[in-house]
Amino acid sequence: MFPRVFHTLTANATVVAMVADRIGRHGVIQQTETRPYITWQIVLGQPYDNLSSTPCGDFTTVQIDCYHQTDAGIQQLGVAVRAALDAAGVHNRVTVNNRDPDTRLYRLGIDADFITNR
């Protein structure tokens, strides 16, 4: 239940060009952090249970939230994050597409299903 989210996202040059290492675990990033940025958090973890031994792997759903100052920018960042996930073979889907009322940043939420061996 410990997917390599940071590693997966930073394998994409466009993601790195846009956010560098501003990728916050546990859904948190400093409010003073430069924009744009990404946060992520685990929303569901399920081991591959069996009766004969300990689980050999985990199925973990991660919520990845992208934040950007502009509508065009959030689309570019979302496409780059999706490309990074696709390249790693991680099933993903857009679940949130809005504008945060407090920060006025555009937000795109992507749920990603990581399958990892133990």
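Details of the structure are given in the entry above.
Just so you know, these numbers come straight off a predicted model, no measurement behind them.

A.B. asks: So what about the environment of alanine 72? Which residues, and what values?
C.D. replies: Assignment of secondary structure puts alanine 72 in helix α3 (residues 71-87). Among the residues examined, alanine 72 registers a relative accessible area of 51% and is labelled exposed. Between the C-alpha atom of alanine 72 and that of glycine 109, which follows or precedes it by 37 residues, the distance is 15 Å.

A.B. asks: I'd like to hear about the nonpolar core, residue by residue, with values.
C.D. replies: Residues Leu9, Ile38, Ile64, Cys66, Val81 and Leu85 are the most contacted members of the largest nonpolar core, which totals 23 residues. Contributions of two or more residues to this core are made by α1 (5-10), α2 (13-19), β2 (37-47), β3 (57-68), α3 and β5 (106-117). When residues in this core are grouped by element, the largest group, six residues, is from α3.

A.B. asks: So what's going on with the sheet that holds β3? Which residues, and what values?
C.D. replies: Judged by pairing direction, the sheet is mixed, and its five strands sit side by side in the order β1-β2-β3-β5-β4 without closing on themselves. Each end of this open sheet is capped by a strand with a single partner; those strands are β1 (23-25) and β4 (91-99). This sheet shows a mean twist of 25 degrees between the axes of neighbouring strands, independent of strand direction. Packed onto the sheet, α3 meets β2, β3, β4 and β5 and runs at close to 5 degrees relative to β5.

A.B. asks: Which residues make up the packing of aromatic side chains, and what values go with them?
C.D. replies: This structure, assessed with the given rule, holds one aromatic pair. Relative to tyrosine 67, the ring of tyrosine 37 has its centre 5.1 Å away and its plane inclined at 35 degrees; by these criteria the two rings are tilted. Of this pair, tyrosine 37 sits in strand β2 while tyrosine 67 is found in strand β3, placing the two residues 30 residues apart along the sequence. We note that tyrosine 37, like tyrosine 67, is buried.

What counts and what doesn't
- Residues numbered from 1 in each chain as written.
- Predicted model: local features only at pLDDT ≥ 70, side-chain atom pairs only at ≥ 80, totals over all residues.
- Heavy atoms only, no water.
- Helix = DSSP H or I, 4+ residues; strand = E, 2+ residues; numbered from the N terminus.
- Buried < 20%, exposed > 50% of the residue type's maximum accessible area, 1.4 Å probe, protein only.
- Core = buried A, V, L, I, M, F, W, Y, C linked by side-chain atoms within 4.5 Å.
- Pairing = 2+ DSSP bridges.
- Axes fitted to C-alpha atoms, helices over the stretch in contact; angles between N-to-C directions.
- Contact = heavy atoms within 4.5 Å.
- Phe/Tyr/Trp six-rings, centres within 6.5 Å; stacked < 30°, edge-to-face > 60°.

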